[in-house]
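# Structural features, examined
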Amino acid sequence: MVWKTWKTRILAGAAVCLLLGAGAGSASAMVPYKTYTYDYEGNYVVSPDAYVPDRVVGAIDMGIADGTGLNQPQDLVTGPDGRVYIADTGNHRIVVLDEQYRFQREIRSFARADGTEDGFNAPAGLFVTDDGTLYVADAKNARIVALRPDGSLLNVFEAPDADVLPAGFIYEPSAVGVDQAGRMYVISKSTNMGVIALNADGRFDGFVGAEKVEPKALDLFWELVTTDAQRSRSAKNVPTEYNNIAIDELGFAYVTSSALNARNQLQAMRNRDRSSQYAPIKRLNNTGIDVLKRNGAYPPAGDLQTAETVSRFIDAALTADGVYTALDATQNKLFTYDGEGNLLYAFGGTGSQNGVFRAAVAIAYQGAKLLALDANTARVTVFARTAYGDAIAEAIRHRKERSYDASIAAWREVLKMHPSFELAYSGVAMSHMRKAEYREAMENYKLANDWDQYFKAFAAYRKEVARNIILLIPIAAAALIWLATRFFAYARRVNAAGWKKAGKRTYKEELLYALHLIVHPFDGFWDLKHERRGSFRAAVTIVALVMAVDVWRTMVGGYVLFPTDWRVIELHDTALRVLIPFVLWVCANWGLTTLMDGEGSLKDIFIASAYALTPIVLIQVPAALFSNVLTLQEVQFVNVLSTIAYAWAFALIFVGVMVTNDYAPFKNFYTSAISVVGMGFVAFLVVLFINILQKMQTFFATIVDEITFRL
């Protein structure tokens, strides 16, 4: 009996442990989405959750007493005191909640100055100023209503009456924002002329932020050949229309648009286009110029790896540290970016679980919490920030406050939780840059794959190093010039002695003759063939050196040429770039010139063409080393050197085959051109032959397998 009792207790304890373990596991599993970012290469990277659903508040939870609930709510905002305002559009009212999301009151009507009662008709957009004034975009009444914190009427701004408005213009405000000067920015449905700007008195100031549409050449042509009647019936090129607006603490307007061409938007994002032409979110100054920073790996435009749909931003929520979150209506996801345009994290999705939505329409920050309104379920999801989200927010806040040591410490905490987060390395690097610790900044920018910023840090570090070794630079340059001069003087002596020498020449003399040939091509190629100054073994060596230089450039070249430390050397790639084109050229040119009275043998053309490649070796070796001290803006110096090397080599090949075959320049030109075409034809035949051999091998292997199976 005692044994059974202890056995029961042990089993019960084990069951409790299992339940606790399962409960701990399910706590993380309760989040019905994955938080993620994209790395520099555009790869999807799962990250820890920055926000998790804390609670979901419906009408019953809010304590709305009349039992009507919310009917197609379209917007929510938070006030400076933490209160939440919801535009209950279907019920023609504003619902006010306290900071704990409990119902305080509703605003259905207000008393005008003459004592009459007035009410809302489908209020669609809300905005709360720092002093608690509530602005309501009263859509169907075509006006903006301003209410005091207690709900009493402050002012009513009727539809603007301006001569610049086009005929038939329908004013139906769906969103409103107000800057510190009281200037109002209004989004009106079906308006593609930009954001409507009203001064503090409600007078029309103009349109701001309209995207300039540049007509295509075809559009200009049809404009010329069509009549006025035809043009009036044709589709117009119109600017993008906006759907929502938010105002930051500096008075800049964040506007979102979901009317962009999907293909253009996605292509602009993948091409890392930092312009505003196909940007779904913009930051407009008071003149309507987009000043949003897009310095991240990809511009702020939502999901990068999408199959059929692209992100459609319909709302934005802002923080005091320059961080903003955009709401994607396509996938019901939230994308959060810092002030530079770097994606911090993305999360959310479509569904019926807590934390995902059926039709999210609005978002707002309430301190560290993030609120999201679902029009379909008429519920507000409250997201709480996790320790991971806190660490990112703290790092960004310290960076803004220029507390660089604290910012580095915070980013390192982020890296403990998410070691592959490239932006954290970039954040550490940025703080090191501000502290003039350029070497440390370079290392972290490299880990972040942020090569633009890496080269800025490198330029500053190079200047610092050059300042410390300023006296050694001319000494080193003079030493290099002296060594080069001595080497070429020695080569001249060897080559000069070669003309007096009879009989077979040494391997060293055959190689050094290439230095004479590249500056005296006509005499050099003549002596190469008739005086036997070169050899097949030296030619093979030069071709091998060109292949080695290709490998050398990959291994030794600076980050301006190969921005990575992982440099894979593939010998077959080197063969494809150097050996195979060279062999094809030799074979095609020899085969053609043999039929056109050429005097060069296959060996002669091989040797002449190989010796002509010498400038590639002489120039590319130091150019690869030189690239290690260049920034991204200076890479054209290496490109110029490479162009000179290859142009010099191709010119020498042209002269070499001309002298070898004893051709006139024009005849050599067209035989060389035909030889290039012949290279493609030979390559096609070789590929075709290999393909036939592979099919034959498969055929015979199948027969052998069949026979073996039947035996």
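Criteria and thresholds
- Residues numbered from 1 in each chain as written.
- Predicted model: local features only at pLDDT ≥ 70, side-chain atom pairs only at ≥ 80, totals over all residues.
- Heavy atoms only, no water.
- Helix = DSSP H or I, 4+ residues; strand = E, 2+ residues; numbered from the N terminus.
- Contact = heavy atoms within 4.5 Å.
- Areas by Shrake-Rupley, 256 points an atom, 1.4 Å probe, with all protein chains shown as cover.
- Buried < 20%, exposed > 50% of the residue type's maximum accessible area, 1.4 Å probe, protein only.
- 1 Å grid on protein atoms, 1.4 Å probe; cavity = no way out; pocket = protein on both sides within 12 Å on 5 of 7 lines; lining within 4 Å.
- Points joined across faces, edges and corners; volume = space filled by probe spheres on them.
- Nonpolar A, V, L, I, M, F, W, Y, C, P; charged D, E, K, R; others polar.
- Phe/Tyr/Trp six-rings, centres within 6.5 Å; stacked < 30°, edge-to-face > 60°.
- Lys NZ or Arg CZ within 6 Å of the ring centre and 35° of its normal.
- Expected span 1.5 Å × (residues − 1).
- Pairing = 2+ DSSP bridges.
- Axes fitted to C-alpha atoms, helices over the stretch in contact; angles between N-to-C directions.
- Salt bridge = Lys/Arg side-chain N within 4 Å of Asp/Glu carboxyl O.
- Core = buried A, V, L, I, M, F, W, Y, C linked by side-chain atoms within 4.5 Å.

### Re the overall build of the protein chain
The helix and strand tally for the protein chain stands at 19 helices and 27 strands. Considering only residue pairs separated by 6 or more positions, the protein chain has 55% of its internal contacts joining residues 24 or more positions apart. Carbon and sulfur atoms provide 60% of the accessible area of the protein chain, an area that totals close to 36700 Å².

### Some thoughts on the side chain of R283
Among the structural elements, R283 can be located in strand β20 (residues 281-284). Residue class for R283 comes out buried when judged on its relative accessible area of 17%. If we ignore the near neighbours within four places in the chain, the residues touching R283 are D248, L250, F252, A253, Y254, I289, D290, V291 and L292.

### Here we look at empty space enclosed by the protein
Counted by the stated rule, this structure contains two cavities of 30 Å³ or more. In this structure, the largest cavity spans a volume of roughly 70 Å³. Considering the residues around the largest cavity, the lining is formed by 13 residues, among which A268, D273, Y278, A279 and P299 are closest to the centre. A class-by-class count of the residues in the lining of the largest cavity yields eight nonpolar, three polar and two charged. Volume-wise, the second largest cavity comes out at about 60 Å³. In terms of lining, the second largest cavity is formed by 13 residues, of which the most central are V356, D374, T377, R379 and T381. Taken together, the residues that form the lining of the second largest cavity break down as three nonpolar, seven polar and three charged.

### Quick notes on unusual backbone geometry
Positive phi is not limited to glycine here, since Q72 has a value of about 50°. One can find Q72 in the loop between α2 (59-62) and β4 (75-78). Here Q72 falls in the partly exposed class, since its relative accessible area comes to 44%. In this structure, A378 is a non-glycine residue whose phi angle is positive, near 55°. Within the secondary structure, A378 is located in the loop between β26 (369-374) and β27 (379-385).

### Section: the packing of aromatic side chains
Applying the stated rule across the entire model yields 28 aromatic pairs. Each member of the aromatic cluster is reached from another via a ring pair, and the members are Y33, Y51, Y345, F347, F357 and F383. The ring of Y298 carries R272 above its face, with NZ or CZ at 4.2 Å from the centroid. One cation-aromatic arrangement involves R283 over F252; the distance from NZ or CZ to the ring centre is 4.0 Å.

### Topic: the environment of Y404
Its location among the elements puts Y404 in helix α7 (residues 404-417). Residue class for Y404 comes out buried when judged on its relative accessible area of 16%. A sequence separation of 29 residues divides Y404 from M433, and the C-alpha atoms of the two residues are 9.4 Å apart. Ignoring anything within four residues of it in the chain, the contact list for Y404 reads R399, S431, R434 and K435.

### Quick look at helix α6 (residues 387-400)
Between the first and last C-alpha of α6 there are 20 Å, a value that for 14 residues agrees with the 20 Å anticipated at 1.5 Å per step. The secondary structure elements touched by the buried residues of α6 are β24 (343-348), β27, α7 and α8 (422-434). Just past α6, the residue R402 takes up positive phi, approximately 65°.

### Some words on the sheet that holds strand β13 (residues 153-158)
In spatial order, the strands read β10-β11-β12-β13; together these four strands make up an open sheet with antiparallel pairing. At either margin of the open sheet sits one strand with a lone partner, and together these are β10 (123-128) and β13. Direction aside, neighbouring strands of the sheet carry axes that sit 20° apart on average. Where β10 and strand β11 (residues 134-138) come together, five bridges link them in antiparallel fashion. The residue bridging G125 from the neighbouring strand is A137, located in β11.

### Focus on the pairing of strand β5 (residues 84-88)
Counting buried positions along β5 yields five of five residues, so the element is predominantly enclosed. Here β5 shows two buried faces, one formed by V84, I86 and D88 and the other by Y85 and A87. Bridge count for β4 against β5 is four bridges, and the pairing is antiparallel. Of the residues in β5, the one forming a bridge with T78 is V84. Bridge count for β5 against strand β6 (residues 93-97) is five bridges, and the pairing is antiparallel.

### A closer look at the pattern of salt bridges
Considering all chains together, one arrives at 30 salt bridges under this definition. One salt bridge connects D205 with R183, and the closest N-O pair in it is separated by 3.6 Å. Residue D205 is found in strand β17 (residues 204-208), and its partner R183 is found in the loop between β14 (173-178) and β15 (184-188); the two are separated by 22 residues along the sequence. Using a relative accessible area of 42% as the deciding quantity, one classes D205 as partly exposed. D550 is paired through a salt bridge with R577; the nearest N and O atoms lie 2.6 Å apart.

### Details of the environment of H398
The topology assignment puts H398 in helix α6. Residues H398 and S431, 33 residues apart in the sequence, show an inter-C-alpha distance of 9.6 Å. Discounting chain neighbours no more than four positions away, the residues touching H398 are S403, A406 and S407.

### Structural notes on the sheet that holds β6
The strand order β4-β5-β6-β7 describes an open sheet built from four strands, whose pairing is antiparallel. In the strand order of this sheet, the two ends are held by β4 and β7 (103-107), each with one partner. When the angles between neighbouring strand axes are averaged without regard to direction, this sheet yields 20°. Alignment of β6 against β7, held across four bridges, turns out to be antiparallel. Directly across from V95, in β7, lies its bridge partner E106.

### Quick word on the nonpolar core
Generally speaking, soluble globular proteins have nonpolar side chains that are buried together. Among the nonpolar cores identified, the biggest contains 36 residues, and F383, I392 and W411 are the most heavily contacted of them. Mapped by element, the contributors of at least two residues to this core are β21 (313-318), β24, β25 (360-366), β26, α6, α7 and α8. In contact with I392, not counting residues within four places along its chain, are L344, Y345, W411, V414 and F421. Counting residues in each nonpolar core, the second largest holds 35 residues, with L517, I605, V617 and V657 among its members.

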